[in-house]
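# Observations on the model geometry
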Amino acid sequence: QVQLVESGGGLVQAGGSLRLSCAASGRTFSTYGMGWFRQAPGKEREFVAAINWSGRGTDYAGSVKGRFTISRDNAKNTLYLQMNSLKPEDTAVYYCAKSLYGSGGSRPQTYEYWGQGTQVTVSS
């Protein structure tokens, strides 16, 4: 069983920055891909970013590319999402997730464990 706990969400003005963290339990964190997803009110959960087991392979949704950076520290069992130049449309609950595979992906179906989410609100 893996537990994922997100932190770092909050209220920020447009143009500001936040860094989300996701602390993972278990000894297999370094062997699996990880991802960030988000869900805004009334919308479906959508892919934000993914990273492979080593941290050398990353992928981003077009809407966040160039503004968000996903990274991981396998020694600390922690996943990060650095969010810069935030926009009101980035407002959502952000979830981290553990992939079934060594590579991260954009499809929620390829993730088996999810955190409880952390709220990010960007004011205009």
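Preceding this section is the structure that the text describes.
Just so it is clear, the model here is predicted, and its values are computed rather than measured.

## Describing unusual backbone geometry
Its identity as a non-glycine residue notwithstanding, N77 has a phi of 55 degrees, on the positive side. Topologically, N77 is positioned in the loop between β7 (68-73) and β8 (78-83). Exposure remark for N77: the relative accessible area of 18% places this residue in the buried category. Its identity is not glycine, yet S85 carries a phi of approximately 50 degrees, on the positive side. With respect to the helices and strands, S85 occurs in the loop between β8 and β9 (92-99). Using a relative accessible area of 41% as the deciding quantity, one classes S85 as partly exposed.

## Some remarks on the state of the cysteines
The final tally for this structure, using the stated rule, is one disulfide. Between C22 and C96 runs a disulfide, and the two sulfur atoms are separated by 2.0 Å. On the S-S bond that ties C22 to C96, the torsion sits near 50 degrees, and the link is right-handed. Of this pair, C22 sits in strand β3 (residues 18-24) while C96 sits in strand β9, and the two are 74 residues apart along the sequence. C22 sits in the buried class, given a relative accessible area of 0%.

## Remarks on the nonpolar core
One finds W36, L79, L81, M83 and Y94 to be the most contacted residues of the largest nonpolar core, which totals 33 residues. Those elements giving two or more residues to this core turn out to be β3, β4 (34-39), β5 (46-51), β7, β8, β9 and β11 (118-123). The element that contributes the greatest number of residues to this core is β5, accounting for five residues. When near neighbours in sequence (up to four residues on either side) are disregarded, Y94 contacts E6, L20, F37, R38, V48, F68, L81, M83, G117, T118 and V120.

Quick notes on the rules
- Residues numbered from 1 in each chain as written.
- Predicted model: local features only at pLDDT ≥ 70, side-chain atom pairs only at ≥ 80, totals over all residues.
- Heavy atoms only, no water.
- Helix = DSSP H or I, 4+ residues; strand = E, 2+ residues; numbered from the N terminus.
- Buried < 20%, exposed > 50% of the residue type's maximum accessible area, 1.4 Å probe, protein only.
- Disulfide = S-S within 2.5 Å.
- Core = buried A, V, L, I, M, F, W, Y, C linked by side-chain atoms within 4.5 Å.
- Contact = heavy atoms within 4.5 Å.

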